Amino acid sequence: MKAAPLRLAASSGAWRSRLSPIQRRALRDGLWALAVVCLVAYLAGFVIPAWVGLDGHAYWQAWQAPAGLYAAPPASRDAYLYSPLFAQLIRPLALLPWPAFLTCWAILQAAVFAWLLRPLPARWFVVAYLACLPEVLEANINGLYALMIVLGFRWSASWAFALITKIAPGVGLLWFAARQEWRRLAAPLVLTAVLVALSALAWPAAWQAWVDLLLADSGGGGAKTAFLLPRLVVSAVLVVLGARLDRRWTVPLAVALASPVLFLDSFTVLAAIPRLRRAQPAAADQHPRPDPQLLPEAA
């Protein structure tokens, strides 16, 4: 009777032995993250059903509205405000039923936040991750902005994502301008221009509607869009100072402040900081200081 449990334990041990410590840790963290997201989503569905998926529903609903992408006015429920290009990119996902769309979006952001916050000590990881859960459940794109910032220091073309969505967070590109890294600055601009041109050729009416929306809207978001111009100025100064002093953490803070609609979930972009701080020493080690003992003695 005890042979079956022994065989099960042996097979489980063999399965674990085929995984490296990093893979086991990633699997464990992923399962915990998924469990927490599912539990909170389940509970929130009873307590605040109107809030869960609030922003993500606008992305999904944009493809369901018969009047077009920009049928809903700004600041109204299900108002889609991003470029037609972003809508085209998520079109395959928007073909899914709403619950499936929300599940995929939440899992994506949950995984992104888990990876971004992984360098933190366990006790801080839990606190920071719980702070990001409202963003996961609301299904906005701030987690993707945090990922964009981290990747953007290696592949600057990643910043094209900001330019085809909220635009204003693209203030982070001033980092490359302040450091006179012109090729890295040009990469996202050229990529955005090419993608926009192709998108506009395929869907000119939607692009005209979006331009009209941008020209007509003057901060219809109410208090959440207040002081956008001063916030952009502060964000630009933060990025330039950060670039001069080599302080990468200033970029996610600037992107959060530059959000056209500023709310608490905007600051989940700060989840990029643990990965940026972890990568910073590696960048500094590329130019190590010479060892004084190895320098030739002065004559």
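None of these values were measured; they are calculated from a predicted model.

Calculation notes
Residues numbered from 1 in each chain as written. Predicted model: local features only at pLDDT ≥ 70, side-chain atom pairs only at ≥ 80, totals over all residues. Heavy atoms only, no water. Helix = DSSP H or I, 4+ residues; strand = E, 2+ residues; numbered from the N terminus. Buried < 20%, exposed > 50% of the residue type's maximum accessible area, 1.4 Å probe, protein only. Contact = heavy atoms within 4.5 Å. Areas by Shrake-Rupley, 256 points an atom, 1.4 Å probe, with all protein chains shown as cover. pLDDT = per-residue confidence, 0-100. Phe/Tyr/Trp six-rings, centres within 6.5 Å; stacked < 30°, edge-to-face > 60°. Lys NZ or Arg CZ within 6 Å of the ring centre and 35° of its normal. Core = buried A, V, L, I, M, F, W, Y, C linked by side-chain atoms within 4.5 Å. Polar contact = N/O pair within 3.5 Å; in protein donor to acceptor, adjacent residues only side chain to side chain. Expected span 1.5 Å × (residues − 1). Arc of directions from axis to C-beta. Patch = residues over 30% accessible without salt bridge, like charges linked within 9 Å, V, L, I, M, F, W, Y side chains within 5 Å. Salt bridge = Lys/Arg side-chain N within 4 Å of Asp/Glu carboxyl O.

This part takes up the overall build of the protein chain. Helices and strands together make up the secondary structure of the protein chain, namely 15 helices and zero strands. For the protein chain, the residues scored as buried account for 38% of the 299 residues in total. Across the protein chain, contacts joining residues at least 24 apart in sequence account for 69% of those joining residues at least 6 apart. Counting only carbon and sulfur atoms, one obtains 70% of the accessible surface of the protein chain, whose full area is about 17200 Å².

Per-chain confidence: the protein chain averages 82 in pLDDT, with 75% of residues scoring 70 or above. Averaged over each element, pLDDT in the protein chain is lowest for helix 1 (residues 3-17) (45) and highest for helix 10 (residues 174-178) (98). Per-residue pLDDT stays below 50 along residues 1-15; that stretch engages in one contact with residues further than four places along the chain or on separate chains. pLDDT under 50 marks residues 282-299. Its contacts with residues more than four places away, or in other chains, come to two contacts.

A few words now on the packing of aromatic side chains. Each aromatic ring pair is described using two quantities: the centre-to-centre distance and the angle formed by the ring planes. Applying the stated criterion to the full structure yields 15 aromatic pairs. Seen in terms of ring centroids, Tyr82 and Phe86 are 5.4 Å apart; in terms of plane orientation they differ by 75 degrees. Their pairing is edge-to-face. Using a relative accessible area of 9% as the deciding quantity, one classes Tyr82 as buried. Exposure remark for Phe86: the relative accessible area of 3% places this residue in the buried category. Of the aromatic side chains, those joined through ring pairs into one cluster are Tyr59, Trp60, Tyr70, Tyr80, Tyr82, Phe86, Trp98, Phe101, Trp105, Tyr145 and Phe161. Lying across the ring of Trp155, Arg154 places its NZ or CZ 5.7 Å from the centre. For Arg248, the ring lying beneath its charged end belongs to Phe153, and the centroid distance is 4.5 Å.

In this section: unusual backbone geometry. Note: most peptide bonds trans; most residues except glycine with negative phi. With a phi close to 70 degrees, Asp78 is a non-glycine residue in the positive phi region. Structurally, Asp78 is set in the loop between helix 3 (54-61) and helix 4 (84-89).

This brings us to the nonpolar core. The tendency in soluble globular proteins is for nonpolar side chains to be buried as a group. With 65 residues, the main nonpolar core has Tyr59, Tyr80, Phe86, Trp105, Ile141, Ile149 and Trp159 as its most contacted residues. For this core, the leading source of residues is helix 6 (residues 98-117), giving 11 residues. Not counting chain neighbours up to four residues away, the residues in contact with Ile141 comprise Tyr59, Tyr82, Phe86, Trp105, Gln109, Glu135, Phe161, Thr165 and Lys166.

This part covers the side chain of Ser156. Take Ser156: it is sitting in the loop between helix 8 (142-152) and helix 9 (160-163). Looking at Ser156, the relative accessible area reads 7%, which means it is buried. Polar side-chain contacts of Ser156 include one of 2.7 Å to the backbone oxygen of Arg184. Every residue in contact with Ser156, bar those within four places of it in the chain, is listed here: Phe176, Arg184, Ala187 and Pro188.

Owing to its 3.6 residues per turn, the α-helix aligns residues three or four sequence positions apart on the same side. In this model helix 12 (residues 204-216) runs 18 Å from its N-terminal to its C-terminal C-alpha over 13 residues, within 8% of the 18 Å that 1.5 Å per residue would give. Turning to helix 12, its buried residues number three or more, namely Ala206, Trp207, Trp210 and Leu213. End-on, the buried residues of helix 12 take up no more than an arc of 120 degrees, which puts them together on one face. For helix 12, the exposed residues lying more than 90 degrees away from the buried face are Pro204, Ala205, Leu215 and Ala216. Packed against the buried residues of helix 12 are helix 4 and helix 11 (182-202).

Here the focus is a nonpolar patch on the surface. Together, Leu229, Val233, Val237, Leu241 and Leu245 line one region of the surface with nonpolar side chains, adding up to about 490 Å² of accessible area. Mapped onto the secondary structure, Val233 falls in helix 13 (residues 228-245).

Taken across its eight residues, helix 3 has six buried, putting it largely inside the fold. Buried within helix 3 are the following residues: Asp55, Gly56, His57, Ala58, Tyr59 and Trp60. Considering only its buried residues, helix 3 is in contact with helix 4, helix 5 (91-94), helix 6 and helix 7 (122-138).

Our focus in this paragraph is the side chain of His57. Along the chain, His57 falls in helix 3. Take His57: its relative accessible area is 17%, and that puts it in the buried class. Among all residues touching His57, those that are not within four sequence positions of it are Asp78 and Trp98.

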